[in-house]
Amino acid sequence: MRPTALRRSPVVSARPAVAAMPAYRPGRNAADLAREIGVPTAVKLASNELPFPPLPAVLAAIAATAAETTRYPDNGAAVLTRALADRYDVAPQQLALGCGAVTVCQQLTQAFVDPGTSIAFGWRSFEMYPLLAQVAGGRTQQVPLVPGTPGGTADTFDLTALAAAVDETTRLVFVCNPNNPTGTAVRRAELETFLDAVPADTLVVLDEAYREFVTDPGVPDGVELMRGRPNVAVLRTFSKAWGLAGLRVGYLIAEDPAVADAVRRTLVPFSVSSLAQAAAVAALASEDEVRERVAAVTTERTRLTAALRGRGIGVADSQANFVWLPLGERTVEVAAALEARAVITRPFPGEGLRVTVGSPAEDDVFLGALDDVLTSTAAGVAGA
Ligand SMILES: *Cc1c(COP(=O)(O)O)cnc(C)c1O
């Protein structure tokens, strides 16, 4: 028995790398905000979700699978893996599924990044990348974006500098294309030159979470670019265009099956649920409807971009389902003022505001609130 006398008890402490992590700030929940400010509904344009209800086939698949949920899911996700292999014309061995693409990013880090090695990426980009390196005890090699022009292209990747930053410690490079949160995309020739320059033993992951929203034919499909390059892999997700954000399914397609195998080894067993697997299979089978929805979003993206430019805001062309408002130091103030008017956006303090392309009605609510904010704040137009 342990003595019960008072003594200095040791305190449980997390690993320094984890203790140093910034706390996760979840996006405001629309229902909570509406209740707080006393309005019937709030508009959430903060998480790049699709402004449509679930696909009918997805709802049917979930209902049909509900009866199987006393069992563990198929850990190998054989049916979904086969459907994806057919969809992308790759072998099942080239695929690795995860509980959302963010978890696949984490698996990639676990599979390839030892303490003291590095992950390279352009910055600003997806917030997960530096956190992953931190937890893994790796270093980050961050290369600033090339500044864009107001009304023209937004800040985008400097692939020449990124290739130069890669050294013998670099195990993983993330290229988010189109980039979250700027919406900009790099084009075929520059990406090919970059891939040619990266050493063959450094894995390049093309994070294409928003690929389905790309309308510029000059922006390459990573799965095509990957072919014949064993150190290249592509990350995709069912969360954005496919509308399954709440179900958590993402996947990696690797040219080299050994890369996919390494990622599969780090899967937390059974983390892709049977509901998620069935829903993803149903979504893939509904691709025509998905394409129609995506087309509606990209049409609305054009309208929203023009409306913002008409208000004097230097919004760049976006290839994703969000737009980037380079509001600089006014970002936090504008985001807070929008929230007070029941519109939730995603501020990046000191840099800009990311606003998801919603339905035309949601976007009109956003534009109305923005007009109100711009006229009621002293500085007037919030152009960068
Ligand atoms: C949303 C997003 C993902 C993946 O999201 P999951 O919901 O985890 O599949 C991956 N990369 C980027 C850049 C994203 O914006």
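Residues numbered from 1 in each chain as written. Predicted model: local features only at pLDDT ≥ 70, side-chain atom pairs only at ≥ 80, totals over all residues. Heavy atoms only, no water.

- Looking at an unreviewed UniProt entry, one finds the protein named Aromatic amino acid aminotransferase, with Modestobacter muralis as its source organism.
- Looking at the Cofactor (unreviewed entry) heading of the UniProt record, one finds this comment for the protein: "pyridoxal 5'-phosphate".
- Per UniProt, the protein carries the Sequence similarities (unreviewed entry) text "Belongs to the class-II pyridoxal-phosphate-dependent aminotransferase family." (UniProt positions renumbered as here; feature names shortened; annotations may be inferred.)

## Observations concerning the packing of helix H13 (residues 331–340) against helix H14 (residues 360–376)
Turning to step 1, where the next piece is worked out: Where H13 meets H14, the closest approach of the two axes is 9 Å, and the angle between their N-to-C directions is 120 degrees. Classified by the interaxial angle, the pair formed by H13 and H14 is oblique. Between H13 and H14 lies a crossing whose hand is right-handed. From H13, Val334, Ala337 and Leu338 reach across to H14, where they touch Phe366, Ala369, Leu370 and Val373.
Turning to step 2, where the next piece is worked out: Among the residues forming the contact of H13 with H14, the class breakdown is 7 nonpolar, no polar and no charged. (Axes fitted to C-alpha atoms, helices over the stretch in contact; angles between N-to-C directions. Helix = DSSP H or I, 4+ residues; strand = E, 2+ residues; numbered from the N terminus. Parallel < 35°, antiparallel > 145°, perpendicular 65-115°, else oblique. Left-handed = near helix turned anticlockwise from the far one by under 90°. Contact = heavy atoms within 4.5 Å. Nonpolar A, V, L, I, M, F, W, Y, C, P; charged D, E, K, R; others polar.)

## A word on the pattern of salt bridges
Turning to step 1, where the next piece is worked out: The tally for this structure, following the rule as stated, stands at 22 salt bridges.
Turning to step 2, where the next piece is worked out: Between Glu127 and Arg346 there is a salt bridge, with the nearest N and O atoms lying 2.3 Å from each other. Remark: Arg346 occurs in strand E11 (residues 346–348) and Glu127 occurs in the loop between strand E3 (118–123) and helix H6 (128–136); sequence separation between them is 219 residues.
Turning to step 3, where the next piece is worked out: Two residues, Arg341 and Asp372, come together in a salt bridge whose shortest N-O distance is 2.7 Å. Of the two residues, Arg341 sits in the loop between H13 and strand E10 (343–344) while Asp372 sits in helix H14, which places them 31 residues apart along the sequence. (Salt bridge = Lys/Arg side-chain N within 4 Å of Asp/Glu carboxyl O.)

## Here's the deal with the layout of surface pockets
Turning to step 1, where the next piece is worked out: Taken as a whole, the second largest pocket spans an internal volume of roughly 290 Å³.
Turning to step 2, where the next piece is worked out: Taken together, 14 residues make up the lining of the second largest pocket; nearest its centre are Arg87, Arg211, Glu212, Glu287 and Arg291.
Turning to step 3, where the next piece is worked out: At the level of elements, helix H4 (78–88), helix H9 (222–226) and helix H12 (287–310) are the ones that each hand at least two residues to the lining of the second largest pocket.
Turning to step 4, where the next piece is worked out: The greatest single-element share of the lining of the second largest pocket, amounting to 4 residues, is contributed by H12.
Turning to step 5, where the next piece is worked out: Here the lining of the second largest pocket is built from residues that sort into 6 nonpolar, no polar and 8 charged.
Turning to step 6, where the next piece is worked out: Taken domain by domain, the lining of the second largest pocket gets at least three of its residues from each of domain 1 (18–47 + 288–376) and domain 2 (56–284). (1 Å grid on protein atoms, 1.4 Å probe; cavity = no way out; pocket = protein on both sides within 12 Å on 5 of 7 lines; lining within 4 Å. Points joined across faces, edges and corners; volume = space filled by probe spheres on them. Domains from an automatic or database assignment.)

## Description of the packing of aromatic side chains
Turning to step 1, where the next piece is worked out: On inspection of all chains with the given rule, the structure shows 10 aromatic pairs.
Turning to step 2, where the next piece is worked out: Pairing Phe121 with Trp123 gives two aromatic rings, centres 5.8 Å apart and planes at 65 degrees, and the pair type is edge-to-face.
Turning to step 3, where the next piece is worked out: Under the relative-accessibility criterion, Phe121 is labelled buried at 0%.
Turning to step 4, where the next piece is worked out: A relative accessible area of 23% means that Trp123 is categorised as partly exposed.
Turning to step 5, where the next piece is worked out: Measuring from ring centre to ring centre gives 5.7 Å for Phe121 and Tyr129, while their planes differ by 55 degrees; the resulting arrangement is tilted.
Turning to step 6, where the next piece is worked out: Members of the aromatic cluster, connected to one another through ring pairs, are Phe121, Trp123, Phe126, Tyr129 and Phe174.
Turning to step 7, where the next piece is worked out: One Lys or Arg, Arg87, reaches over the ring of Tyr88 and ends 4.7 Å from the middle of that ring.
Turning to step 8, where the next piece is worked out: Here the guanidinium or amino end of Arg354 rests over the ring plane of Phe322, the centre of that ring lying 5.8 Å away. (Phe/Tyr/Trp six-rings, centres within 6.5 Å; stacked < 30°, edge-to-face > 60°. Buried < 20%, exposed > 50% of the residue type's maximum accessible area, 1.4 Å probe, protein only. Lys NZ or Arg CZ within 6 Å of the ring centre and 35° of its normal.)

## A look at the domain arrangement of the protein
A common way to report how large an interface is uses the accessible area buried once the components associate.
Turning to step 1, where the next piece is worked out: Domain assignment breaks the protein into domain 1 (18–47 + 288–376) and domain 2 (56–284).
Turning to step 2, where the next piece is worked out: The centre of domain 1, based on its C-alpha atoms, is set 24 Å off from the matching centre of domain 2.
Turning to step 3, where the next piece is worked out: Tallying the contact residues gives 27 residues for domain 1 and 29 residues for domain 2.
Turning to step 4, where the next piece is worked out: In total, about 2300 Å² of surface goes out of reach between domain 1 and domain 2, with carbon and sulfur atoms giving 60% of it.
Turning to step 5, where the next piece is worked out: Summed over the shared surface of domain 1 and domain 2, the number is 2 salt bridges.
Turning to step 6, where the next piece is worked out: Across the salt bridge formed by Arg124 and Glu351, the nearest N and O atoms sit 2.9 Å from each other.
Turning to step 7, where the next piece is worked out: The interface formed by domain 1 and domain 2 includes 9 residue pairs in polar contact (both at pLDDT 80 or more).
Turning to step 8, where the next piece is worked out: Going through the elements one at a time, H12, strand E9 (322–325) and E11 are the ones with two or more residues in the side of domain 1 that touches domain 2.
Turning to step 9, where the next piece is worked out: For the side of domain 1 that touches domain 2, the leading source of residues is H12, giving 8 residues.
Turning to step 10, where the next piece is worked out: Looking at the side of domain 1 that touches domain 2, its residues break down into 12 nonpolar, 6 polar and 9 charged. (Buried area = accessible area lost by both parts, 1.4 Å probe. Polar contact = N/O pair within 3.5 Å; in protein donor to acceptor, adjacent residues only side chain to side chain.)

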